[in-house]
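Residue-level structural notes
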Amino acid sequence: MCNSILKAKTLLNVVRTGWLLRGVPIPLAETVAEHSFLTAHVCLELSSKIKGVDVSKAVLYSLIHDLGEAFTGDLVKPIMKKYAESIDQLVLDIVSENIDNPLIVELYRRFYLQTDVEAKLAKLCNYIATVIIGAEYKSLGYGVDDIIGNTCGKIKEISIVLGIEKEVKHLLSELQVNCPS
């Protein structure tokens, strides 16, 4: 039935909650679909510079990494932190039960469980995409410093684990995005 397409379409209208909570107006706030699109492009750019990475797999993870939000909406961080294990399992179950394409379900599961280097790279690109948009909102005067700071910490952490700090710093520099140390 291709219900994954309909769910992806839903994400065109799901606004990322963190931006709203910091005063970014709905017409300007990034949607989950926009975020996934930018994440995929970041992943394509970054992963193509790293030896041994399956670029296609990393980009596919990036495209579907927030598919669960078509069912749950964009949950705020305090809720995610408090109920992380329960929510993680719930979202995996919902996607497994409601998406009819086995490849998409498996990719989503692998990304969510961070089973391989491409999944970790896609998560890193997710954070980079967030910082890119956060820098834009900051330049417009919105109070998003906490999101940028927290996300930059995650970027640093994952880039160290993957051994690609130099490539990530170079990419952020090219994009004129500053991550506080």
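Source: prediction; values computed, not measured. (Residues numbered from 1 in each chain as written. Predicted model: local features only at pLDDT ≥ 70, side-chain atom pairs only at ≥ 80, totals over all residues. Heavy atoms only, no water.)

Some details on the overall build of the chain
- Scanning the chain from terminus to terminus reveals eleven helices and zero strands.
- Mapped in sequence order, the helices and strands of the chain form the string α-α-α-α-α-α-α-α-α-α-α.
- For the chain, buried positions account for 43% of its 181 residues.
- For the chain, contacts bridging at least 24 residues in sequence account for 68% of all contacts bridging at least 6.
- With an accessible surface of roughly 10,000 Å², the chain has 57% of that area assigned to carbon and sulfur atoms.
- A distance of 4 Å separates the average location of the 19 positive side-chain charges in the chain from that of its 22 negative side-chain charges. (Helix = DSSP H or I, 4+ residues; strand = E, 2+ residues; numbered from the N terminus. Buried < 20%, exposed > 50% of the residue type's maximum accessible area, 1.4 Å probe, protein only. Contact = heavy atoms within 4.5 Å. Areas by Shrake-Rupley, 256 points an atom, 1.4 Å probe, with all protein chains shown as cover. Lys, Arg positive; Asp, Glu negative; His and termini not counted. Charge placed at Lys NZ, Arg CZ, Asp CG, Glu CD.)

Comments concerning the nonpolar core
- Judged by nonpolar contacts, the single largest core of 48 residues is most densely connected at Trp-19, Leu-46, Leu-121, Leu-124, Ile-128, Ile-155 and Val-168.
- For this core, the secondary structure elements donating two or more residues are helix H3 (32-47), helix H4 (55-64), helix H7 (84-98), helix H8 (102-113), helix H9 (117-139), helix H10 (145-162) and helix H11 (165-174).
- Not counting residues within four places of it along the chain, the set of residues in contact with Ile-155 comprises Leu-124, Tyr-127, Ile-128, Val-131, Val-168, Leu-172 and Cys-179.
- In terms of nonpolar packing, the next biggest core, distinct from the first, is built from five residues, Val-14, Val-32, Ala-33 and Ala-70 among them. (Core = buried A, V, L, I, M, F, W, Y, C linked by side-chain atoms within 4.5 Å.)

Details of the layout of surface pockets
- There is about 1,100 Å³ of room inside the largest pocket.
- Elements with a contribution of two residues or more to the lining of the largest pocket: helix H2 (17-21), helix H5 (69-72), helix H6 (77-82), H7, H8, H9 and H10.
- Per-element accounting of the lining of the largest pocket gives the leading share, five residues, to H10.
- Per-class residue counts for the lining of the largest pocket are 15 nonpolar, eleven polar and eleven charged. (1 Å grid on protein atoms, 1.4 Å probe; cavity = no way out; pocket = protein on both sides within 12 Å on 5 of 7 lines; lining within 4 Å. Points joined across faces, edges and corners; volume = space filled by probe spheres on them. Nonpolar A, V, L, I, M, F, W, Y, C, P; charged D, E, K, R; others polar.)

Brief notes about the confidence of the model for the chain
- For the chain, the average pLDDT comes to 93, and 99% of its residues sit at 70 or higher.
- The spread of mean pLDDT over the elements of the chain runs between H6, the lowest at 72, and H9, the highest at 98. (pLDDT = per-residue confidence, 0-100.)

A closer look at the state of the cysteines
- Scanning all chains against the criterion turns up one disulfide.
- Across the disulfide, Cys-152 is cross-linked to Cys-179 (sulfur-sulfur distance 1.9 Å). Because the torsion about its S-S bond is -80 degrees, the bridge between Cys-152 and Cys-179 counts as left-handed. On the criterion of sequence distance, the pair formed by Cys-152 in helix H10 and Cys-179 in the segment after H11 is long-range, its members being 27 residues apart.
- For Cys-152, a relative accessible area of 5% gives the class buried.
- Free of any disulfide, Cys-43 has its nearest cysteine sulfur in Cys-125, 3.4 Å distant. (Disulfide = S-S within 2.5 Å.)

Some points on the packing of H3 against H9
- At a closest axis distance of 8 Å, the pairing of H3 and H9 adopts a crossing angle of 120 degrees. As for how H3 packs across H9, the hand of that crossing is right-handed. Along its contact with H3, which presents His-35, Leu-38, Thr-39, Val-42, Cys-43, Leu-46 and Ser-47, the element H9 presents Leu-121, Ala-122, Leu-124, Cys-125, Asn-126, Ile-128, Ala-129, Thr-130, Ile-132 and Ile-133.
- Residues that form the contact of H3 with H9 fall into these classes: twelve nonpolar, five polar and no charged. (Axes fitted to C-alpha atoms, helices over the stretch in contact; angles between N-to-C directions. Left-handed = near helix turned anticlockwise from the far one by under 90°.)

Section: H7
- Compared with the 21 Å implied by 1.5 Å per residue over 15 residues, the 21 Å span of H7 between its first and last C-alpha is a close match.
- Every buried residue of H7 is listed here: Ile-87, Val-91, Leu-92, Ile-94 and Val-95. Down the axis, H7 shows its buried residues gathered within 160 degrees of arc, on one side only. Turned more than 90 degrees from where H7 packs its buried face, Glu-85, Ser-86 and Glu-97 sit exposed.
- Lining the buried residues of H7 we find H5, H6 and H8. (Expected span 1.5 Å × (residues − 1). Arc of directions from axis to C-beta.)

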